[in-house]
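Chain by chain, the residues:
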Amino acid sequence: MSFLGRGSAPSSGAINQERVEMATQELDMITDIFNRLVSSCHAKCISPRYAEGDLNKGESVCIDRCVAKFFEVNKKVGEKMQAVGAAAGGNPGGFSL
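Computed from a predicted structure; not experimentally measured. (Residues numbered from 1 in each chain as written. Predicted model: local features only at pLDDT ≥ 70, side-chain atom pairs only at ≥ 80, totals over all residues. Heavy atoms only, no water.)

Draft legend 1. The arrangement of the pattern of salt bridges in detail. Scanning the entire structure with this criterion turns up one salt bridge. Two residues, D32 and R36, come together in a salt bridge whose shortest N-O distance is 3.2 Å. Of this pair, D32 and R36 both sit in helix α1 (residues 17-45), four residues apart, roughly one helical turn. Judged by relative accessible area, R36 falls into the partly exposed class, the value being 43%. (Salt bridge = Lys/Arg side-chain N within 4 Å of Asp/Glu carboxyl O. Helix = DSSP H or I, 4+ residues; strand = E, 2+ residues; numbered from the N terminus. Buried < 20%, exposed > 50% of the residue type's maximum accessible area, 1.4 Å probe, protein only.)

Draft legend 2. Molecular detail of helix α2 (residues 57-87). Under the 1.5 Å per step criterion, the end-to-end length of α2 is 45 Å for 31 residues, consistent within 8% with the ideal 45 Å. All of the buried residues in α2 are E59, C66, F70 and G85. Elements in contact with the buried residues of α2: α1. Structurally, the start of α2 carries an N-cap: the backbone nitrogen of G58 is 3.1 Å from a side-chain oxygen of N56. Looking one or two residues beyond α2, the residue adopting positive phi is G89, at roughly 85°. (Expected span 1.5 Å × (residues − 1). Contact = heavy atoms within 4.5 Å. Polar contact = N/O pair within 3.5 Å; in protein donor to acceptor, adjacent residues only side chain to side chain.)

Draft legend 3. Focus on the nonpolar core. Core analysis: the largest hydrophobic core is formed by six residues, namely L37, C41, C45, I46, C66 and F70. Among the elements of the structure, α1 and α2 are those that each provide at least two residues to this core. Top contributing element to this core by residue count: α1, with three residues. Contact partners of C66, with chain neighbours within four places excluded, come to C41, K44 and C45. (Core = buried A, V, L, I, M, F, W, Y, C linked by side-chain atoms within 4.5 Å.)

Take it as geometry only, folks, not as evidence of what the structure does.
Shown next, in the form of structure tokens:
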């Protein structure tokens, strides 16, 4: 079965708009995370004065560590948000005031 709903289902052959919308939202979220990652790590690791066309060893190591830390923090925040959502009884917002 196709992700967009064109698989073995004997429907009219139309694309499932709900799945397209979900895929679009997921792509937007992934793009946002990527852009924040690039912006954050570039600001921390790359000098504004480019001396060479390639990254030097220090910049490469800094980028590697920055990306690893970014994803580790992102994972921990996601886990915490899920725990808060579960503790709130699965409310759609996940938070209660």
